[in-house]
Amino acid sequence: MSASKHQSITNHNNDSVTTDSFLKYFGFSDHPFLNSNNPEYQYISRTHRQAKSHLEYAMQIPDGVSIITGDFGTGKKMLIQDALSNQSDSLCVVEIMTPPKSELELLTVIASGVGKQFLNPDKEQLLKVINERIVEQQALSSKIIIILYQVQDYDFEILEQIRNLSEIKINNQRAVNILLSGNPELYKHLDELEVTQLTRRVRYRIHINTLNESETYEYILHRLNVAGCDDPTLFNSAAIDYIYHTSSGHPKYINELCSFSLIRTFVENKKVIDLELVKKASEELQQHPKEHQIVDKLKNYQKSIQQQTKSRPKFLLYLKGQFLGEYSLLNNVITIGRNHDNDIYIDDPRISRYHATISSQNDVTIIQDLESTNGIFVNKVNTRLSTIEDEDVIQIGLHQLKVVHKIKYVNREDEFEKTRQTISDTIETYLANVEKLLGSTP
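About the criteria used
- Sequence positions are assigned chain by chain, starting from 1 and proceeding in written order.
- Whole-chain, interface and lining totals are the exception, using all residues; otherwise, since this is a predicted model, local features are given only for residues with pLDDT of at least 70 and side-chain atom pairs are given and counted only at 80 or more.
- Side-chain descriptors were evaluated using all non-hydrogen atoms of the structure, hydrogens and water having been removed beforehand.
- A helix here means a DSSP run of H or I that spans at least four residues, while a strand means a run of E at least two residues long, and both kinds are numbered starting from the N terminus.
- When accessible area is computed with a 1.4 Å probe and restricted to protein chains, residues below 20% of their type maximum are described as buried, those above 50% as exposed, and intermediate ones as partly exposed.
- Residue contacts are defined here by distance: any two heavy atoms, one from each residue, within 4.5 Å place the two residues in contact.
- Accessible surface is estimated by sampling points in the Shrake-Rupley manner with a 1.4 Å probe; for residues, cover comes only from the protein chains shown.
- One side-chain nitrogen of Lys or Arg within 4 Å of one carboxyl oxygen of Asp or Glu is enough to make a salt bridge.
- The nonpolar core is taken to be a set of buried Ala, Val, Leu, Ile, Met, Phe, Trp, Tyr and Cys residues, with the residues joined through side-chain atoms within 4.5 Å.
- A fitted line through C-alpha atoms serves as each axis, taken over the contacting stretch for helices, and the angle formed by two N-to-C directions is quoted from 0 to 180°.
- Any angle that is under 35 degrees is reported as roughly parallel, and any over 145 degrees as roughly antiparallel; angles of 65 to 115 degrees are reported as roughly perpendicular and all others as oblique.
- The handedness criterion is simple: a crossing whose near helix is rotated anticlockwise from the far helix by less than a right angle is left-handed, and one whose near helix is rotated clockwise is right-handed.
- For this classification, the nonpolar set comprises Ala, Val, Leu, Ile, Met, Phe, Trp, Tyr, Cys and Pro, the charged set comprises Asp, Glu, Lys and Arg, and every other residue, Gly included, is treated as polar.
- Note on aromatic pairs: the rings of Phe, Tyr and Trp (six-membered ring only in Trp) are paired at centre separations within 6.5 Å, and the planes decide the class, stacked below 30 degrees, edge-to-face beyond 60, tilted for the rest.
- The rule for a charge over a ring is simple: NZ of Lys or CZ of Arg within 6 Å of the ring centre, and within 35 degrees of the ring normal.
- Any two strands are treated as partners once DSSP identifies two or more bridges connecting them.
- Computed over the protein atoms alone on a 1 Å grid, cavities are sets of points where a 1.4 Å probe fits but cannot get out and pockets are open sets with protein on both sides within 12 Å along at least five of seven lines; a residue lines them when it has an atom within 4 Å of a point.
- Grid points are joined across faces, edges and corners, and a volume is the space filled by probe spheres set on the points.

Asker: Explain the overall build of the chain to me, using residue names and the numbers behind them.
Answerer: When its secondary structure is counted, the chain shows 16 helices and 18 strands. Among the 442 residues that make up the chain, the fraction classed as buried is 52%. Taking contacts inside the chain between residues at least 6 apart in sequence as the whole, the part at least 24 apart equals 68%. Surface accessibility of the chain: about 20,500 Å² in total, with carbon and sulfur atoms responsible for 45%.

Asker: Outline the pattern of salt bridges, supporting the account with residue identities and numerical values.
Answerer: Charged atoms that come close allow side chains of opposite charge to pair. Within this structure, the stated rule accounts for 12 salt bridges. A salt bridge links E268 to K270; its shortest N-O distance comes to 3.5 Å. Assessed through its relative accessible area of 13%, E268 is described here as buried. Connected through salt bridges with shared partners, the residues R264, E268, K270, E276 and K280 form a single ionic network.

Asker: Run through unusual backbone geometry, naming residues and quoting values.
Answerer: Its identity is not glycine, yet S248 carries a phi of approximately 60 degrees, on the positive side. Checked against the element boundaries, S248 lands in the loop between α11 (237-247) and α12 (251-267). The exposure class assigned to S248 is partly exposed, which follows from its relative accessible area of 22%. In this structure, K380 takes a positive phi of about 70 degrees despite not being glycine. Mapped onto the elements, K380 comes out in the loop between β14 (376-378) and β15 (381-383). Among the residues examined, K380 registers a relative accessible area of 80% and is labelled exposed.

Asker: An account of the nonpolar core is needed here, citing residue identities and associated values.
Answerer: In this structure, I146, L148, I162 and L180 are the most contacted members of the largest nonpolar core, which totals 35 residues. Contributions of two or more residues to this core are made by β1 (64-70), β2 (92-96), α5 (103-113), α6 (123-139), β3 (144-148), α7 (156-166), β6 (176-182) and α8 (186-193). Leaving out residues up to four positions away in the same chain, I162 has contacts with L106, L148, Y154, I178 and L180. Listed in part, the 34 residues of the second largest apolar core include F26, F33, I220 and I254.

Asker: Which residues make up the packing of α11 against α12, and what are the values?
Answerer: At a minimum axis distance of 9 Å, the contact between α11 and α12 shows a crossing angle of 135 degrees. As the angle between them shows, α11 and α12 are arranged oblique. Note that α11 runs across α12; the crossing there is right-handed. Where α11 abuts α12, its residues I243, T246 and S247 lie against Y253, I254, L257 and C258. Within the contact of α11 with α12, the residues separate by chemical class into five nonpolar, two polar and no charged.

Asker: So what's going on with the environment of V93? Which residues, and what values?
Answerer: Note on placement: V93 falls in strand β2. Ignoring sequence-local partners within four residues, the contact set of V93 consists of L84, I145 and I147.

Asker: Please provide a residue-by-residue account of the packing of aromatic side chains, values included.
Answerer: If you walk through the whole model with that rule in mind, you get 10 aromatic pairs. Plain terms: the ring middles of F22 and F26 are 5.4 Å apart, the flat faces sit at 65 degrees to each other, and that makes the pair edge-to-face. Taken together, the residues F22 and F26, both in helix α2 (residues 19-26) and four residues apart, mark about one turn of the helix. Neither residue differs from the other here; F22 and F26 are each classed as buried. Over the ring of Y25 we find K271; its NZ or CZ atom is 4.2 Å from the centre of that ring.

Asker: Which residues make up the sheet that holds β6, and what values do they have?
Answerer: Across a sheet, strands are paired by hydrogen bonds formed along the backbone, either parallel or antiparallel in direction. Spatially, the five strands line up as an open sheet ordered β2-β3-β6-β1-β7, and their pairing is parallel. At either end of the open sheet lies a strand with only one pairing partner, and these are β2 and β7 (202-208). Averaged over all neighbouring strand pairs, the angle between strand axes comes to 15 degrees, with direction disregarded. Taken together, the five bridges between β2 and β3 define a ladder with parallel strand orientation. Looking across to β3, one finds that V93 is bridged to I145. α6 rests against β2, β3 and β6 of the sheet, and its axis sits at about 125 degrees to β3. Sitting on the sheet, α8 is in contact with β1, β6 and β7, with an inclination near 130 degrees to β1.

Asker: So what about the packing of helix α3 (residues 46-60) against helix α4 (residues 76-84)? Which residues, and what values?
Answerer: As a packed pair, α3 and α4 sit with axes 9 Å apart at the nearest point and diverge in direction by 50 degrees. By the angle between their axes, α3 is oblique relative to α4. Note that α3 runs across α4; the crossing there is right-handed. Along its contact with α3, which presents H48, A51, K52, L55, E56 and M59, the element α4 presents M78, L79, I80, D82, A83 and L84. Residues belonging to the contact of α3 with α4 are distributed by class as follows: eight nonpolar, one polar and three charged.

Asker: Please provide a residue-by-residue account of empty space enclosed by the protein, values included.
Answerer: Counted by the stated rule, this structure contains five cavities of 30 Å³ or more. In this model, the largest cavity occupies a volume close to 100 Å³. If you list the elements that add at least two residues to the lining of the largest cavity, you get α3, β7 and β10 (333-337). By residue class, the composition of the lining of the largest cavity is five nonpolar, seven polar and one charged.

Asker: Describe the pairing of strand β17 (residues 393-396), naming the residues involved and giving the relevant values.
Answerer: A one-sided burial pattern is seen for β17, the buried positions being I394 and I396 and the unburied ones V393 and Q395. Across two bridges, β14 lies against β17 in antiparallel orientation. In the sheet register, V378 faces β17, and the bridge partner there is I394.

Shown next, in the form of structure tokens:
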């Protein structure tokens, strides 16, 4: 965006688009759709609540490797931090934000995280320090949890060392928890590297979906409320519907469109953001290919969706032979349990509140027991983790889930992920430019 554009945008009352006039116009205390570290802007969807429960449990188990996946901007890091805040103060947490370049760098970062720094360490020194801290944590009846982000970018050597760390034992008990965080391409990456010993150690697989249509509406209202706007009609329903379908429920894209729509509304001296205004904002985004390609990329992504199909299972729920309902695995994971917020809700005291999950990655469908009281059975065999195929029968309490056939759904996550970083960089550039725009003077 040129300097002249920064200086020339005014509303009908000839007011400059300064931060103060913009916020005052809408009654905001803050811009609701810029990146913010304010935890009050955090919106918790049903998927987030479920994922948080699973994360907290995964952090408490004696050992194991857990994986959390989700598109960028869906709140993985935020959710991890939220789950950590509910853990014991004695828990030793090591977080690795960016992929280490070598095995030695990985161990150096972990050693630093447990309280020991070296100038020129060797592997033996680092492992000794890490093991000593593990013993100390065991004496405190606590443990170490190592959280690694962007794991889809890790190489084989690093992942093998992570697997070695996950197998450290004190008094015949594994003493390190590992949490791997990444985008949905992470599973494909692990398969391609053939780190089978590590993937066998995975006990929990957690996925955060993008927002659905009703959650998009709630997300927008939530951020407006936090910013001081209590008018639920600022964005009308047609505008929100357009934002949802254009953004595909990605929070960062929602922020992108909403932010520019607010500026367009201020410039045109309007009070309600309708479909026409949102379309104008979308069109203006498309006119700046270097800084505002988000909508174009989303449209191309949506077109490419139709070029590929994969199969997902459908389940029929029975109780003593009586048909109760049909469920489809249209997202990457569904939950089963006695709590009402499960995807498959079963009102049966024999079933735990969160009993099991069914997930699909790379055309493989997996059912996983969530440490339930009475377990799960696949084709009459008790199992904690099992793949499931057509015609399999899953027994949970007195209920049965039958995999009847495959249905088709459309997806193109792998192609979308190829442009993920480019889109992320574009958003950050755009948001920085918005802040400059709001802070400019005539």
